[in-house]
Each structure stands twice: as C-alpha cells, then as structure tokens.
Amino acid sequence: MTNRGVSRRAMLAGTGAAVAASAVGLPGRADAAPGDAGLADATPAGSAPGESALTGTAPDAGLTLWYDEPAEDWESQALPIGNGTLGAMVFGRTGTEAIQFNEKTLWTGGPGSEGYDFGNWREPRPGAIARVQQEINERERVAPEEVAAELGQARFAYGSYQSFGELTLTFPELDAAVTGYRRSLDLNTALATVSYTADGVRHERSHFVSNPGRVIVVRLGADRAGQVSFTAAVALPANRTATTTAVNGRITVAGALTDNGLRFEGQVRVLTGGGSRVDNPDGSVTVSGADWATILVAAGTNYSDKYPTYRGTDPHRRVTADVDRAAAQPYAKLLAAHVRDHRSLFGRVRLDLGQHMPNVPTDELLASYQGAGSPADRALEALFFQYGRYLLIGSSRDNARLPANLQGVWNKYDAAPWSADYHVNINLQMNYWLADPANLGDTTGPLFDFIDALRAPGAVTAKQMFGNPGFVVHNETNAYGFTGVHDWPTAFWFPEAAAWLAQHLYDHYRFTLDRRFLRDRAYPVMREVARFWLEELIVDPRDGTLVVSPSYSPEHGDFSAGASMSQQIVFDLFTNVVEAATLLGESRFRNEVAAALNRLDPGTRIGSWGQLQEWKGDWDDPADDHRHVSHLYALHPGRQISPATTPELTRAAEVSLRARGDGGTGWSKAWKINFWARLLDGDHAHLMLSEQLKTSTLTNLWDTHPPFQIDGNFGATSGVVEMLLQSHGDEVHILPALPASWPEGKVTGLRARGDLTVDIAWSAGAAREIAVTAGQSARVILRSSLFGSAFRFPHRSEREGDRITFTTRPGERYVVTAG
Ligand code: FUC
C-alpha cells in the first residue's frame, strides 16, 4: 500500500468531510488534497503595510494528521476521537476493521470488589505519623522503605479503567487489492476519515464522536450505488460476559463487570439507504448492497461519582435514548451539530508559526523532524500544539463524569498501565495546565467535579490517618475515591495532592474573574484543604518554621521534614486562600492563614552548588537527572519564583534545571518546556519541545512515557502557550520566551489571567501588533519589547520601560501597533 499522495478523494455518497464543511458553512477545505491547505492563503505575519496583521480570516491550515496505510498498532498508529465520555480508536483497516471504544466510567475495582478499603488503614495506627515525625527529627532523613513499613499498606481492589469493546466491521472486499489508500484525522472538524479503492469502487468511512449527540458515529459510503456491504458486531474484552442481541438493526450488549458488579450497556444501531439489512443469531448485523450506512454507538454504565457506593441508575434507558435520538436525525444534521460544537471550542485559537505543511504523511513528517526551524518543522510544532487542544476537547467535556485520565479517555487494556488512573503528583494536574490559557476553560468541569467528589472519601482519610479536618488525597486515585495509601515506598505518600488540585480552582478564577465560581466552587474547597494543612504543619525544632512532615519529594530521595515541593505547595495554597478570602471578605480565616503563611518555611533555598534545593537539607546531587523536578514547582505551575520578582531564586532554579538535563519521560520533557519558558529562555524551551517530538512522540502524535501517556501532549501545549504569553504575575507578558526558530508568526485567541483574550502578531522576533480584548473592567499591565520603541495605542495609558498600564472596559478590544 504505497500509493502516496492520493490527490483527491472522490466525492462519496454523503459520507464525508466535504459534507461537514458545507453543512456548517466552513470553507470546503476538508475535500482538498493533503497539503493543499498549506499556508499560501494564511500568511498573516507578512501582511501588507498598513493592514492589521491580526484580522486574517484564512482557515486553520495544516491541521490534519494523515497516513497512507491502515494502522496496525493501537498505541502508536490508530487515531483517537472522543467527546469527553466516549472515545474511539480508528484503525482504518480494509478487510476487518475493529474500532476500539471506551466509556469513561467503566472501571473495575472499588466498592463491590473484594477487599476495597479506599486505601484507608484497615486497623487504627495510633501515633504512627507522630512516630515517623520523631524519627525524622532525630535522623533528618529516613529511607522510604522504612516509612512505607510504618505508614503504607498493600493495595486491594484499586481496579483499572477498561476498554468497553470493539465495533468490528467485516467487509466482503476482504481480499481485494486496495489502491489510493488514505486515513486522516482533521483537527478542525474532529472527523477521522478512511478512503480507498477496491475492485474499482472508491470507499469512504467517516468517524466522529458527537458531544451534543452523545454517540460514536461511523458513516460508510461508496462512489457507486449499492456498494456498501459489511457485517457489524461488538466484540467484548475477554474478561467480560454479556448478553448480546440483534433486533431490527440494533445490537445490544449488556452485563455487569464480574469484578465489582458495575452494570454496563452498549447499543449499536445500523441504519442503511438501499440494499438489505439482516440481524444474525450471533448478535451481529449484516448489510448488503446498500448505498450508504450509518452506525451509531452509545454506551454507559451505572457508575456515579457519589461516595460511598459509586452507583447510580441503570444505563439502559439513557443508552437507548441516546442512540434513538441520534437515529432520528439525518446524518448531515448530526454531523453539522458535531462540527459546530467542536469548532466552538477548537476554533478559538489559531497559531501560525510561518509553517508550511509539506505533502507527506504525518509519520514521515515526524520522522524527518529536525527541530531546526524549517517550515516543515514548524508545521509539526503547530500541529502538535493544536493536537493537545484537540485531545483535551476529546477527553474532557463539561458533561463528562470523570476528568481526562492518564490516557485521556482512550484505553484498550483491562489492566492499563498505572490503571490509566489519576496520578496526582503531577499527571492529572498537567492534563489541565493548558485548559484556561489555550482558551478551553470550559473543559475544566470534569476536573472540578472530580475534586468535589474526592471531598467525602478524602475527609474520611484525613480524619482516620491524620486526625484532621478537611480532606486529603495521596499519590494517585481512581474512579472510586481512593484517597489513602499503598505500599510502594517511592510513590505512596503525597498528602499535598489536594492542595495542588485546589490551585486549579483558584487559577480558573484568576483567568475568568468569575466571582460566583470563586465563592461557590473554588473557595469552599480551598478552605477545606487549608484547614487540613493548618492542623498538619508542625514546628521544625531546628529553626521554628512551620513544615510538612513526613515530607516526600515525589518519587525521589528520602523522607524528611519540609521538602521544597511540600512547602511550596502549601505556600501556594495559603497565598491563594489569603487572596480569595480577602476578595470574599472572610477576614477571620484570612488572618489565621496569613499568620501561618508568615511562619511557613517557603521551601526556597539556594544550595552549595548554586542550585535550588530539593530538600531542606543541602543533599542535591548535581549528577542526578531524575524525571521529577518537583522543587521547581515554585517556578511552574506556582508563581512564587519568577525572573521579575525573585531573580536569585530564578538563577538557582535554572542551575537545578540544567543539572537535571534535557532528557526524561514524555511528561518530564513537557514540564521542562514550561520551566524554560518561565525562565524566559525561548530557545531552551524550544529545544525541549523538539526533544519531546524527536524522542517521546508516537506516529499518531501521542506522547509516550513510554508507554503512551497523554499528560505530555497536554503539557507541551501548555508549554507553547507559556512561550507566547504569560500572566502568572501581575503583568501580561507578550512573547516572553520566543525562540529564534519562530521569527515570524501570529497567534489569536489565547487567554490571560484577568479575563483577557490576547492576539499577537510578530516578525523578526519582535511583537508588531497586540490586541487585548477585555471581559471586564480591570487595570492591565502589558509588557512587551514593543513598548521599548515607537508604538501606537489610542487609549489613555502610562508607560514605564517595556510596560504600559491601562484600564479596560468590558467587551472592548485594545490594539497596540508598532511604529
Ligand atoms: C508519576 C510518574 C511516573 C508515571 C506515573 C503515571 O508517578 O513518576 O513516571 O508518569 O506518574
């Protein structure tokens, strides 16, 4: 199958992408050949003199992943589509296709599963934590194995996220030679398409997962009438039994997980135009000689996020309603609603790095990537940036009941790597770093619901293990409120996780300035977590500061008192609580937290080789290249260290980061993009992006740890935003870390804290035009090299060095231009 560069896909009977485009009034680019949509029509950075560089209306170009062979491997080649709750992986095989699919709540383990205890100690252990604190006070460092023996315990019935099954499609043209093969994923429309010619007939299949329609949709067509024939069936994983029936073109699979009794149901409806459709006794459906067919898949479980049972209503009615509602709509309408819905989020941000997408399949584009700033390299970088946004939309929508997990919503295993769970010592947080800055703030709903759902089980753990109010979550958690511990010494203890999660709530407020969200959602959680820490901090006998003990820098080193990350997370929490309580007029609690903040060890020390210490003791080894760089939390995602406010600590952070090196797992490299951007070193940030693309990215552009882990995709997108725009401090910093490889470009629709939407055009490595659209009235400090020379800004403002300050009016757009 080497027929590269199929120049044009046939206009097939109502199947394809062209319908998507026309049905929603998009330019007909989806019907163009791969590579056609280069940047010929989208070169805003080079706009004519006197013309605004920010007002181009060219379509997003080069945002299609495409290949000239079917996928063989799920992990590295198949293409993901999803609506936050349902996910599917498209292989595009021509003989027997197996579309693997997921429903986000299908988890083994938890209540109903033998021995589940939420990770809480099965026997009371009075004084256990105090004993460890005592040991630490005496010896300063205690090996993780010793602490695990005292505080850990074997884990039972934690469970794993499950594959729901496969929709198999068997085609009679099985043995026919195939020519002109192409499979693609268009990020603009969230549509995966497969097309090929067999026995002189051009076939096309289109796949999408509709969020408004709550179904997976597969449309099959051909360029001649009566040529659509296949048998559709649902194959379940080997660990599952279910009843399967086929009645009137509706396949129903229903059962309960043997492990925990969680009920599940999937329904497939097969609709056809022309030809015949037959239900088979084995629960499959055969279509012969149709002009077209539409396959709709809905799935659900009786999962609920409510402690302690985690069970809700049987999925049968909802799943039936979902497929039936979708079946009642014409395909074009279903498709148009999907594309409109996806575009309403995806289309908000455009990134032009002066790229040119060459006419080669994406695996070749990746293989030839050098990171040297060629137009093709920049095309891959822009695609990878947008892919992170695409994947978040696909795995985290407002109505989804769980947030994006380690694999988003995609998983083919019954025992997934790390259970495809919610690791909260970096990974879940990284999944959402991009959400607000990349203008996808409305994908945060499932994360915030998840945090809320952790409060009840986490309160039990806080009380039982620590005797504290508030709630606690440790190193990782599942769909069933696992907030306690296990006994893997280097990864079982991380009671700071809830405080880190609370940062996301407050940061969402900082982006939106949504007071009601702050009062009703964010602050109640922040206050509860702060209450836990007010109780839990102890006085360090060595210097009288308040410290966390036992404290453990994630997955690294010994236990001690006051490891830097522990201190920095509590510092960040208390700082945010003081700000929020001030805004909400909660002065008593504010004062209590402010007093503790004053006594808190801030976790920022410069050590003997100029490094930022990872621990309170100066124990860092300059030869250590561990993947976690936890002690730089204060630099990112925190805001305790920054070049503008703490230059010495910033230099120390840089020393530490250099020592850790440019390697690491996929997510580690992604974090380093963010770090280097915060250090205002665009070239090093870009180097990390290129390292990630060269050594930690699979051919379907999924990040690999290895194995596949989606946090690196999300972290990289966040890192690119940090290179172009930062607003963690008091100012909105334009192009803070622009690399030499991106001399010309334009980005529109990024978000800055303060309810601001920002567009930037630059050339010769410097901003030429900036537009800030304000959601509310606020004082804005804008920082850009542009203010160092002549500029135009027709509003009242004060200028100081490279900053201007002005007051916004809601809805107004403020444009600064060079010259
Ligand atoms: C953290 C990391 C591992 C892995 C796991 C899922 O614990 O240290 O590398 O990413 O999460």
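Reading the values: the criteria
- Residues numbered from 1 in each chain as written.
- Predicted model: local features only at pLDDT ≥ 70, side-chain atom pairs only at ≥ 80, totals over all residues.
- Heavy atoms only, no water.
- Helix = DSSP H or I, 4+ residues; strand = E, 2+ residues; numbered from the N terminus.
- Rg over C-alpha atoms; globule rule 2.2 N^0.38 Å.
- Buried < 20%, exposed > 50% of the residue type's maximum accessible area, 1.4 Å probe, protein only.
- Contact = heavy atoms within 4.5 Å.
- Lys, Arg positive; Asp, Glu negative; His and termini not counted.
- Charge placed at Lys NZ, Arg CZ, Asp CG, Glu CD.
- Near = heavy atom within 4 Å.
- Polar contact = N/O pair within 3.5 Å; in protein donor to acceptor, adjacent residues only side chain to side chain.
- Areas by Shrake-Rupley, 256 points an atom, 1.4 Å probe, with all protein chains shown as cover.
- Nonpolar A, V, L, I, M, F, W, Y, C, P; charged D, E, K, R; others polar.
- Core = buried A, V, L, I, M, F, W, Y, C linked by side-chain atoms within 4.5 Å.
- Domains from an automatic or database assignment.
- Buried area = accessible area lost by both parts, 1.4 Å probe.
- Salt bridge = Lys/Arg side-chain N within 4 Å of Asp/Glu carboxyl O.
- Expected span 1.5 Å × (residues − 1).
- 1 Å grid on protein atoms, 1.4 Å probe; cavity = no way out; pocket = protein on both sides within 12 Å on 5 of 7 lines; lining within 4 Å.
- Points joined across faces, edges and corners; volume = space filled by probe spheres on them.
- Axes fitted to C-alpha atoms, helices over the stretch in contact; angles between N-to-C directions.
- Parallel < 35°, antiparallel > 145°, perpendicular 65-115°, else oblique.
- Left-handed = near helix turned anticlockwise from the far one by under 90°.
- Pairing = 2+ DSSP bridges.

J.: What is the right way to look at the overall build of the protein chain in this model?
T.: A tally of helices and strands in the protein chain yields 17 helices and 31 strands. Here the C-alpha atoms of the protein chain give a radius of gyration of 27 Å, agreeing with the 28 Å that 2.2 N^0.38 yields for 819 residues. Taken along its principal axes, the extent of the C-alpha atoms in the protein chain is 80 × 70 × 50 Å. Per-residue burial for the protein chain yields a buried fraction of 64% across its 819 residues. By sequence separation, contacts in the protein chain at least 24 residues apart represent 69% of the contacts at least 6 residues apart. Side-chain charges in the protein chain split into 75 positive and 93 negative, and the spacing between the mean points of these groups amounts to 6 Å.

J.: Whenever I open this one, the site of the ligand confuses me. Can you help?
T.: Close contacts around the ligand come from Leu 406, Trp 418, His 423, Asn 425, Asn 427, Glu 555, Arg 627, His 628, Trp 667, His 705 and Gln 709, and that covers them all. The side chain of Asn 427 places a nitrogen or oxygen atom 3.0 Å from an oxygen atom of the ligand. With respect to the ligand, the side chain of Gln 709 contributes an N or O atom lying 2.9 Å from an oxygen atom. In the complex, the protein chains occlude 98% of the 290 Å² of accessible area that the ligand would expose alone. The residue makeup of the shell around the ligand, split by class, is 3 nonpolar, 6 polar and 2 charged.

J.: Is there a simple way to think about the nonpolar core in this case?
T.: If you look at soluble globular proteins, the nonpolar side chains tend to sit buried side by side. Counting residues in each nonpolar core, the largest one holds 230 residues, and the members touching the most others are Phe 230, Trp 533, Phe 574, Trp 702, Leu 724, Ile 734 and Leu 782. For this core, the element with the most residues is helix H7 (residues 375–395), which contributes 11 residues. Core analysis: the next-biggest nonpolar cluster, separate from the first, contains 15 residues, Leu 296, Val 323, Tyr 331 and Val 339 among them.

J.: Looking at this model, I keep getting lost on the domain arrangement of the protein chain. Mind explaining?
T.: Accessible area lost upon the coming together of the parts serves often as the stated size of an interface. According to the domain assignment, the protein chain consists of domain 1 (8–107 + 163–347), domain 2 (128–154 + 396–414 + 423–661) and domain 3 (745–818). Listed per partner, the contact involves 33 residues of domain 1 and 28 residues of domain 2. A buried area of about 2600 Å², summed over both sides, lies between domain 1 and domain 2, and 57% of it is on carbon and sulfur atoms. For Asp 341, the salt bridge goes to Arg 397, with nearest N and O atoms at 3.0 Å. Between domain 1 and domain 2 we count 13 residue pairs in polar contact (both at pLDDT 80 or more) in total. Of all the secondary structure elements, the ones that give two or more residues to the side of domain 1 that touches domain 2 are strand E2 (79–82), strand E3 (86–90), strand E4 (96–103) and helix H5 (331–346). It is E3 that provides the largest number of residues to the side of domain 1 that touches domain 2, a total of 4 residues. Its residues assigned to classes, the side of domain 1 that touches domain 2 shows 12 nonpolar, 14 polar and 7 charged.

J.: Please clarify how helix H2 (residues 128–139) should be interpreted in this entry.
T.: The periodicity of an α-helix, 3.6 residues per turn, causes residues three or four positions apart to be oriented the same way. The end-to-end C-alpha distance of H2 is 17 Å, a good match for the 16 Å that 12 residues give at a rise of 1.5 Å each. On its buried face, H2 is in contact with helix H3 (144–151), helix H9 (445–466), helix H11 (515–536) and strand E20 (538–539). Looking one or two residues beyond H2, the residue adopting positive phi is Glu 140, at roughly 70°.

J.: Can you walk me through the layout of surface pockets in this structure?
T.: Rolling a probe over the atoms, with the probe sized like a water molecule, indicates the empty space that remains. Estimated volume of the largest pocket: approximately 890 Å³. The element best represented in the lining of the largest pocket is helix H12 (residues 564–584), accounting for 6 residues. Mapping the lining of the largest pocket onto the domain boundaries places at least three of its residues in each of domain 2 (128–154 + 396–414 + 423–661) and domain 3 (745–818).

J.: Looking at this structure, how should I read the packing of H11 against H12?
T.: Two packed helices can be described by the angle between their axes and the distance between those axes. Contact geometry of H11 with H12 gives a least axis separation of 9 Å together with a crossing angle of 135°. Relative to H12, H11 is oriented oblique. Like other packed secondary-structure pairs, H11 and H12 cross with a definite hand, here left-handed. Contacts between H11 and H12 involve Arg 515, Leu 518, Arg 519, Tyr 523, Met 526, Val 529, Ala 530, Trp 533 and Leu 534 from the first element and Val 570, Leu 573, Phe 574, Asn 576, Val 577, Ala 580, Ala 581, Leu 583 and Leu 584 from the second. In the contact of H11 with H12, the residues fall into 15 nonpolar, 1 polar and 2 charged.

J.: Please clarify how the sheet that holds strand E9 (residues 215–222) should be interpreted in this entry.
T.: Strand pairing in a sheet is mediated by backbone hydrogen bonds. Such pairs are either parallel or antiparallel. Spatially, 9 strands are ordered E1-E6-E7-E8-E9-E16-E13-E12-E11 in an open sheet, and the strand pairing comes out antiparallel. Only two strands of the sheet have a single partner each, and these edge strands are strand E1 (64–67) and strand E11 (243–247). Adjacent strand axes in the sheet meet at a mean angle of 15°, parallel and antiparallel pairs treated alike. As paired strands, strand E8 (residues 201–210) and E9 are joined by 8 bridges and run antiparallel to one another. Across the sheet, His 207 pairs through a bridge with Val 218, a residue of E9. In this fold H5 packs onto strand E7 (191–198), E8, E9 and strand E16 (292–301), with an angle of close to 50° to the strand it touches most, E8.

J.: Hey, could you run me through empty space enclosed by the protein in this one?
T.: Scanning the model with the defined rule gives 11 cavities of 30 Å³ or more in all. Here the largest cavity defines a volume of roughly 300 Å³. As for the largest cavity, its lining consists of 26 residues, and the residues nearest its centre are Trp 433, Gln 503, Asp 507, Phe 511 and Arg 753. Those elements that place two or more of their residues in the lining of the largest cavity are H9, helix H10 (497–512), H12 and helix H17 (711–724). Top element by residues in the lining of the largest cavity is H10. It accounts for 7 residues. Residue classes in the lining of the largest cavity are distributed as 9 nonpolar, 9 polar and 8 charged.

J.: When you look at the pairing of E11 in this model, what are you seeing that I'm missing?
T.: Looking down a regular strand, the side chains alternate between one sheet face and the other. As defined by bridge partners, E11 adjoins strand E12 (residues 250–256) across 5 bridges and the pair is classed as antiparallel. Along E12, the bridge assignment pairs Val 247 with Arg 250. The hairpin formed by E11 and E12 contains 2 residues between the paired strands, and Asn 248 there has a positive phi angle of roughly 50°.

J.: Mind showing me how you'd approach the packing of H12 against helix H13 (residues 587–599) here?
T.: The N-to-C vectors of H12 and H13 enclose an angle of 150°; their axes lie 9 Å apart at closest approach. Between H12 and H13, the interaxial angle falls into the category roughly antiparallel. Crossing geometry of H12 relative to H13 is assigned as left-handed. Contacts between H12 and H13 pair Phe 571, Phe 574, Thr 575, Val 577, Val 578, Ala 581 and Thr 582 from the former with Phe 589, Arg 590, Val 593, Ala 594, Ala 596 and Leu 597 from the latter. Class assignment of the residues belonging to the contact of H12 with H13 gives a composition of 10 nonpolar, 2 polar and 1 charged.

J.: Explain the environment of Leu 546 to me, please; I cannot follow it from the model alone.
T.: If you trace the backbone, Leu 546 turns up in strand E21 (residues 546–547). Of the residues examined, Leu 546 reaches a relative accessible area of 8% and is grouped as buried. Expressed as a C-alpha distance, the spacing of Leu 546 and Pro 602, which sit 56 residues apart in the sequence, is 9.1 Å. Apart from residues no more than four positions distant in its own chain, Leu 546 is found in contact with Leu 537, Ile 538, Val 539, Gln 567, Ala 596, Arg 599, Leu 600 and Asp 601.

J.: Quick question: what am I supposed to make of the pattern of salt bridges here?
T.: One side chain can pair with another of opposite charge once the charged atoms of both are near each other. Under the criterion given, the structure shown has 42 salt bridges. A salt bridge links Asp 755 to Arg 751; its shortest N-O distance comes to 2.9 Å. A single burial state applies to Asp 755 and to Arg 751, both of which are buried. Here Asp 802 and Arg 783 are joined by a salt bridge, their closest N and O atoms 3.3 Å apart. Of the two residues, Asp 802 sits in the loop between strand E29 (798–800) and strand E30 (803–807) while Arg 783 sits in strand E27 (residues 779–783), which places them 19 residues apart along the sequence. We classify Arg 783 as buried; its relative accessible area is 16%. One network of salt bridges, with partners in common, ties together Glu 140, Asp 540, Arg 542, Asp 543, Asp 601, Arg 605 and Lys 616.

J.: What exactly am I supposed to notice about the sheet that holds strand E22 (residues 725–726) here?
T.: Strand order in this open sheet of 5 strands is E22-E23-E27-E30-E29, and the pairing throughout is mixed. Looking at the sheet topology across the chains shown, the edges are occupied by E22 and E29. Pairing of E29 with E30, which is carried by 3 bridges, proceeds in the antiparallel orientation. Note that in E30 the partner of Glu 800 across the bridge is Arg 803.

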